[in-house]
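# Chain and residue survey
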Amino acid sequence: EAVVAEWMLEFACSCLCRHFAEQSGAAFRRWRDVAQALIKGLSEIPPHQKKTVYLCQLLIRIAQGKSLGLKFENDQRISPLESALSVWTLLEREEMKLEKLHEDIRRLIQIQIVAVYMENRYFKEATEVLERLFTDSESDKPLRVKLATIIKTKDPDVPLLQSFNYSLLISKIKSYIERFMTENEPNFLIQEATKQVASRGLGATTWQNRLVGASENERSDLETKQRFVLSITLLRDVLGQMQNCCLDVDSSLFCMYINCLLGLNNMQNVGENRVSLACSRRRQRWTPQEDLELKSGVRRFGVGNWAKILVHGNFDNRTSVMLKDRWRTLTKIE
């Protein structure tokens with residue numbers, strides 16, 4: 001199970017990187033939940049997977065960087081971007097050598113930490129975070145002085161903040177992702193899925209022929225179906241192998257992976273029906289029966305095991321994030 005968890009974490013990281021680069025919000029959030037569940041399940045981070053874990057954590061925080069109400073640290077003062085800066089420091093330590101791109105990303109995160117506070121008119125907090133961000137080193141002094149001056153103006157539209165904006169930060173992170181994916185060989189799940197699909201006559205050539213002449217929407221749908229076929233074919237074979245090894249295939253790790261596949265299939269249906277699944281979920285009221293299912297799941301598996309509760313409960317078109325949010329609401333009501 002530990003080996004499979006390692007494969008799945010690499011696969012989740014690969015999906016996070018792809019959806020972050022494509023700015024696919026719903027798909028990114030789906031794999032974010034999987035990656036967080038897998039990371040939370042680690043008793044300790046294996047040395048060879050530190051970069052994978054840190055990259056997942058970085059992307060999750062950068063994607064939520066402007067949501068000041070969201071907290072990733074026990075210290076409630078720490079914003080998502082300030083938490084991202086801490087993760088970036090850990091990620092830099094895993095690099096063989098630091099390059100200009102690393103420094104550019106570090107400076108952009110620092111600038112945007114202040115910029116986000118200023119955009120929300122939190123000037124006192126911007127001043128406080130500046131004290132936490134910088135040491136007294138001479139190399140930090142120029143930027144520290146500039147940002148302190150900008151905070152005093154209380155103007156979030158100054159040229160420095162506009163030039164080093166959030167879009168530029170996202171662009172630099174994408175550049176880092178591209179290099180990361182190039183330097184790291186395709187992970188086991190992708191390799192094995194590709195072999196399995198190719199052996200069944202569903203290889204890239206067949207899909208490529210179908211993509212020729214297709215419209216942009218049709219191309220997106222076909223690519224989604226291709227990913228789904230790859231994943232579901234692999235899952236069948238892996239589960240078969242695990243059963244032969246007498247492992248418990250009902251474990252939470254396998255259940256989470258099945259959820260991912262169902263999510264991909266839902267995305268395919270969204271493309272065909274032209275109906276936003278995310279929007280329909282937001283409008284859907286919680287029923288008393290679903291509340292009972294949620295409470296029963298928490299009693300059985302404990303608070304925080306949302307993916308496992310989702311799999312074993314009778315919920316109508318819910319996600320693990322929705323279960324977490326509903327539990328928070330129920331707790332407040334009670």
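For the structure itself, look to the data block above.
Residues numbered from 1 in each chain as written. Predicted model: local features only at pLDDT ≥ 70, side-chain atom pairs only at ≥ 80, totals over all residues. Heavy atoms only, no water.

### Re the overall build of the protein
The secondary structure content of the protein amounts to 17 helices and zero strands. Across the 334 residues in the protein, those meeting the buried criterion constitute 44%. A fraction of 66% describes how many contacts in the protein between residues 6 or more apart in sequence connect residues 24 or more apart. As displayed, the protein offers around 18200 Å² of accessible surface, 51% of which is attributable to carbon and sulfur atoms. (Helix = DSSP H or I, 4+ residues; strand = E, 2+ residues; numbered from the N terminus. Buried < 20%, exposed > 50% of the residue type's maximum accessible area, 1.4 Å probe, protein only. Contact = heavy atoms within 4.5 Å. Areas by Shrake-Rupley, 256 points an atom, 1.4 Å probe, with all protein chains shown as cover.)

### Some remarks on the pattern of salt bridges
Under the definition given, this model contains 16 salt bridges. Between Glu119 and Lys66 there is a salt bridge whose closest N-O contact spans 3.6 Å. One end of the pair, Glu119, is in helix H5 (residues 100-119); the other, Lys66, is in the loop between helix H3 (50-63) and helix H4 (80-93), with 53 residues separating them in the sequence. With a relative accessible area of 44%, Lys66 lands in the partly exposed category. With a closest N to O distance of 3.9 Å, Glu95 and Arg179 form a salt bridge. Of this pair, Glu95 sits in the loop between H4 and H5 while Arg179 sits in helix H9 (residues 166-183), placing them 84 residues apart in sequence. Residue Glu95 shares its accessibility class with Arg179, and that shared class is buried. One continuous salt-bridge network, built from bridges that share partners, spans Lys51, Glu95, Glu99, Arg179 and Glu183. (Salt bridge = Lys/Arg side-chain N within 4 Å of Asp/Glu carboxyl O.)

### Remarks on unusual backbone geometry
Leave glycine aside and you will find that most residues have negative phi; peptide bonds, for their part, are mostly trans. One non-glycine residue, Arg121, lies in positive phi territory at about 65 degrees. Secondary-structure assignment places Arg121 in the loop between H5 and helix H6 (123-133). The phi dihedral of Lys154 is positive, around 55 degrees, even though this residue is not glycine. With respect to the element layout, Lys154 can be found in the loop between helix H7 (141-153) and helix H8 (159-163). By relative accessible area, which is 49% here, Lys154 ends up partly exposed.

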